[in-house]
Amino acid sequence: MGYDQTSMNIVGKVADVGSNPTSIPEDKSDILSTMRHRFQMAMSAYSESREDELDDLRFMAGSPDNGWQWPADVLATRGAVQGQTINARPCLTINKLPQHVKQVTNEQRQNRPSGKVIPADDKGDVEVAEIFEGMVRHIEYMSDSDVVYDTACENQVTYGEGYFRILTEYCYDNSFDQDLRLGRIRNAFSVYMDPMIQDPAGQDAEWCFISQDIEKDEYERQFPNAAPITSIMSQGVGDDSLSQWINENTIRIVEYFYYTHTPTKLNLYPGNQAFFANSPEDKQMKDHGLKPIKTRTVDVKKVMWMKSNGYEVLEEQEWAGKWIPVIRVIGNEFEVDGRIYVSGLVRNAKDAQRMYNYWVSQEAEMLALAPKAPFIGYGGQFEGYEQQWKTANTTNWPYLEVNPDVTDGMGATLPLPQRAPPPLAQTGLIQAKMGASDDIKSTTGQYDSSLGATSNERSGKAILAREKQGDVGTFHYGDNLTKAIRFATRQLIDLIPKIYDTERIARIVGVDGEVSMAKINPDQPEPVKKIVDEQGIVIEKVYNPSVGVYDVVATTGPGYMTKRQEAMEAMAQILQGNPELWKVAGDLFVKNMDWPGAQEMSKRLAKTIDPKLLSDTDEDPALQAAQQQIEAMGKEMEGMHSMLQNVGHSIEMQDLERKDFEAQIKLFDAETKRLSAVQASMSPEQIQDIVMGTVHGMMVNGDLVTEMQRDTSMDMQEEDQKEAQMEQPMQPQGQPMPPQGAMPEQMPPQGMPPQ
């Protein structure tokens, strides 16, 4: 590179390989030179703003003990003179700013922003998005993210900028599996981010530094293979920038994140398939005789990480993500004449706070220097009682006496002694103090209603509306924190498939804090694989977070516990007005309670509710009715199908019986023909012998007797029916027939007259 005006390249080469500069790799020398140049540029760009930010931090931390809210020259004139404090003037500090800062930061603690993962292409899956959210919550839980976010928010509101980072660490000492973590950056002044960024969260930063000053003994312990410090210092004589890295007792170590850019051609093949040139997929397409439809040049970026002392690469590796894992939380940001100026809530309220301190001190001084209110009386009234009256301000005398013989010229007794009115603060001083207090409110954008002061509003809606007006003035702080958390969640979604790259069981944390486990398999082709048993019931799900594209939207609102309390209060009011709802929603009401056994009671109540109400279907009633009709028609069709099957079986049986009957007829016909043939060849005597043998067999078996009895019974029944018909008289024509079932009149015996 052409940039080397202070021999930094030579010093870097000596630090890396000793006194032989020709053996250092040229690319590493260029990286170190670029790193030092960027660090110097960042310090210069942020120098003026960082001085003001540091003063804001000191001012907000001011107290009566340190006097940081009073200018040094004012303190010098109001303090002791030549070591004597007899003429010193009060310098009181009534710091109102922490209340205004906490008003903003505590609002963020009550309504923490969070990221919601959504599928961004056709390969993404909603269930995998929920797994992503659960894994992010687990990472936040294990990282104490509330401390991470709160620290960044405190710095943002106080002096204008806060930072936090994303780290990787091994799960256990005996494992190569890694986990993601969120890291707290307490000192935001240790971060130097690319000053050319446009995104408030630093998403477009090209490079970033995180610096740390450590003692030389600690440096030698952590990096025993590094070049000696003395060699760097000896080679850096005359180098002004050397003092930025090495001091008398400390040495500066920086973590340097930066991008490497590699122009690469991207080829588009039929079927909308795009591959980088010379990649295995691209070579396979060309081997099949396919030619690219379109070609364009893509800037392929990689994030690199380096730890350096400024002149030597101590550690380096490639970062797995596609963004620099340092997230910025910005307050107020201005660019004036090419320089960046950052501020928070304190900056514009400093003068109003100084004026308030001054007027309070002035009031105290005036009242302290004013003479004490004396007793005023006539001469001779105190004679003989001087000691009591002299100590009346310090001693609690039960009574005070005066001489009653003091009279005026007319002989009348003079009035008793009276105390003079005490000194009062001037009206103008009190108004000035009140004006300074109001100025603090106006410069911070927070007024009486936001600070909890009562006003004319009485209804809850009116009070909330008034408080909301005060929140508008500081809304941008919470909005910038939301953008930062959204960017951090987006980075975690990008890193999870790359860090969790082996088959494992991941811990999932739900919105309500419930912990569950999910099986991750990055080798399966589908995003969700369902494993079912023999009955088709899903017994396990396996997820692959690397399939599909996902994005993040940010949401802000109360935490889960706050929402649960609000839900319980609202449901209590609803159930109180309509107790019948206990039968359909009593389990939900008990579930939101915190007393022991509430969850078990909720489960028992759920068993008493109609299963249809507990189903997860949210269908239209008309659609549900149509489905019920379809189910009824389906059952009816099944019945008809069963009937058809029965009819079919009946026809088959009839066909079989018919065939069996025909076979019997054929068999009987054949037997008849056989008997005829046999009869033709037999004599009458042989036939008679056969008939007699048959009759004898039937008589022995009883078949002949039974058949004869049955024939006789049938003949007798036929004869009785014929006689009854003959005995019944004929009905004359035109006479009505007796009703059916009526008994005919009995005829008298022969020779007897009719009755």
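The notes below deal with the structure included here. What you are looking at is a predicted structure, and each value in this text was computed from that prediction instead of being measured.

### Side note on the packing of aromatic side chains
Applying the stated criterion across every chain, the model contains 15 aromatic pairs. Judged by centre distance (5.8 Å) and plane angle (80°), the ring pair of W323 and F487 falls under edge-to-face. Placement of the pair is W323 in the loop between β9 (313–318) and β10 (326–330) and F487 in helix α14 (residues 475–499), with a sequence separation of 164 residues. Of the two residues, W323 and F487, both sit in the buried class. Each residue in the set F39, Y192, W207, F209, W245, Y256 and Y258 is aromatic and connected to the rest through ring pairs, giving one cluster.

### Here's the deal with helix α10 (residues 350–369)
With 20 residues, α10 should cover 28 Å at 1.5 Å per step; its first-to-last C-alpha distance of 28 Å lies within 8% of that length. Within the sequence span of α10, burial applies to K350, A352, Q353, Y356, N357, V360, S361, Q362, E363 and E365.

### Description of the sheet that holds strand β16 (residues 515–520)
Taken in spatial order, the four strands line up as β15-β16-β18-β17 in an open sheet, and their pairing is mixed. Because the sheet does not close on itself, it has two edges, and the strands there are β15 (504–509) and β17 (528–532). Along the sheet, successive strands turn relative to each other by an average axial angle of 40°, direction set aside. By the bridge criterion, six bridges tie β15 to β16 in an arrangement that is antiparallel. Within β16, the position partnered with V509 by the bridge is V515. Docked against the sheet, helix α5 (residues 126–142) engages β15, β16, β17 and β18 (538–543), running at close to 80° with respect to β15.

### A closer look at the pattern of salt bridges
What the rule picks out here adds up to 29 salt bridges. We note a salt bridge from E133 to K116, for which the minimum N-O separation is 3.7 Å. In this pair, E133 sits in helix α5 while K116 sits in strand β1 (residues 113–119), placing the two residues 17 residues apart along the sequence. Taking the relative accessible area as the measure of exposure, E133 reaches 11% and is therefore buried. Given the relative accessible area of 41%, K116 is considered partly exposed. A salt bridge links R504 to D177; the shortest N-O distance between them is 3.7 Å. Here D177 lies in the loop between β2 (161–170) and β3 (178–185) and R504 lies in strand β15, a separation of 327 residues in the sequence. Residue R504 is classed as buried on the basis of its relative accessible area, which comes to 11%. Judged by relative accessible area, D177 falls into the partly exposed class, the value being 29%. Residues joined in a network through salt bridges with shared partners are K102, R109, R112, D150 and E154.

Cut-offs used in this document
Residues numbered from 1 in each chain as written. Predicted model: local features only at pLDDT ≥ 70, side-chain atom pairs only at ≥ 80, totals over all residues. Heavy atoms only, no water. Phe/Tyr/Trp six-rings, centres within 6.5 Å; stacked < 30°, edge-to-face > 60°. Helix = DSSP H or I, 4+ residues; strand = E, 2+ residues; numbered from the N terminus. Buried < 20%, exposed > 50% of the residue type's maximum accessible area, 1.4 Å probe, protein only. Expected span 1.5 Å × (residues − 1). Pairing = 2+ DSSP bridges. Axes fitted to C-alpha atoms, helices over the stretch in contact; angles between N-to-C directions. Contact = heavy atoms within 4.5 Å. Salt bridge = Lys/Arg side-chain N within 4 Å of Asp/Glu carboxyl O.

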